[in-house]
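Close look at the chain arrangement
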Amino acid sequence: MNTSRIPDFADNSFDGMLMWFSEMSVRGLLFHPDDAPESIESFDSNEKCFTENECNKLDRILCNMFEQFGNDVYEAAYPIFMKCAGWKLDA
């Protein structure tokens, strides 16, 4: 059985993007949506974080998000990055 570490983006909504970024964070796979997945390397080993198949899936998902939601992709990712960094969100 070949399971992907990359969650599906099945809920094509703003809340779906929030959930997707949140799940990527929980799995330790969160990265900035402007970064090419194939360029992401591990801090520990300097090895590529994603396989070719994972990169292809991530490219499809992010392309879909940007086509549907434009800059709202950043708005969905923002609170997840803030939480991951341990920073409080503005009230």
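A short tour of the structure in this document, coming up. (Residues numbered from 1 in each chain as written. Predicted model: local features only at pLDDT ≥ 70, side-chain atom pairs only at ≥ 80, totals over all residues. Heavy atoms only, no water.)

Counted according to the given criterion, the structure contains four salt bridges. Residues Glu23 and Arg27 are paired through a salt bridge, measuring 2.7 Å at the closest nitrogen-oxygen approach. Given the relative accessible area of 30%, Glu23 is considered partly exposed. Exposure remark for Arg27: the relative accessible area of 37% places this residue in the partly exposed category. Two residues, Glu41 and Lys48, come together in a salt bridge whose shortest N-O distance is 4.0 Å. (Salt bridge = Lys/Arg side-chain N within 4 Å of Asp/Glu carboxyl O. Buried < 20%, exposed > 50% of the residue type's maximum accessible area, 1.4 Å probe, protein only.)

Further remarks concern the nonpolar core. The nonpolar side chains of a soluble globular protein tend to be buried, and buried together. Judged by nonpolar contacts, the single largest core of 20 residues is most densely connected at Ile6, Trp20, Phe21, Met24, Phe50 and Met65. Where this core is concerned, the elements lending two or more residues are helix H1 (14-26), helix H2 (52-69) and helix H3 (72-85). A per-element tally of this core places H2 first, with five residues. Each residue touching Met65, except ones within four places of it in the same chain, is listed here: Phe9, Met17, Trp20, Phe21, Gly70 and Val73. (Core = buried A, V, L, I, M, F, W, Y, C linked by side-chain atoms within 4.5 Å. Helix = DSSP H or I, 4+ residues; strand = E, 2+ residues; numbered from the N terminus. Contact = heavy atoms within 4.5 Å.)

To continue, consider the side chain of Glu54. Tracing the sequence through the fold places Glu54 in helix H2. What makes Glu54 buried here is its relative accessible area of 9%. Within the local environment of Glu54, its side chain forms a polar contact with the backbone nitrogen of Thr51, the two atoms lying 2.9 Å apart. (Polar contact = N/O pair within 3.5 Å; in protein donor to acceptor, adjacent residues only side chain to side chain.)

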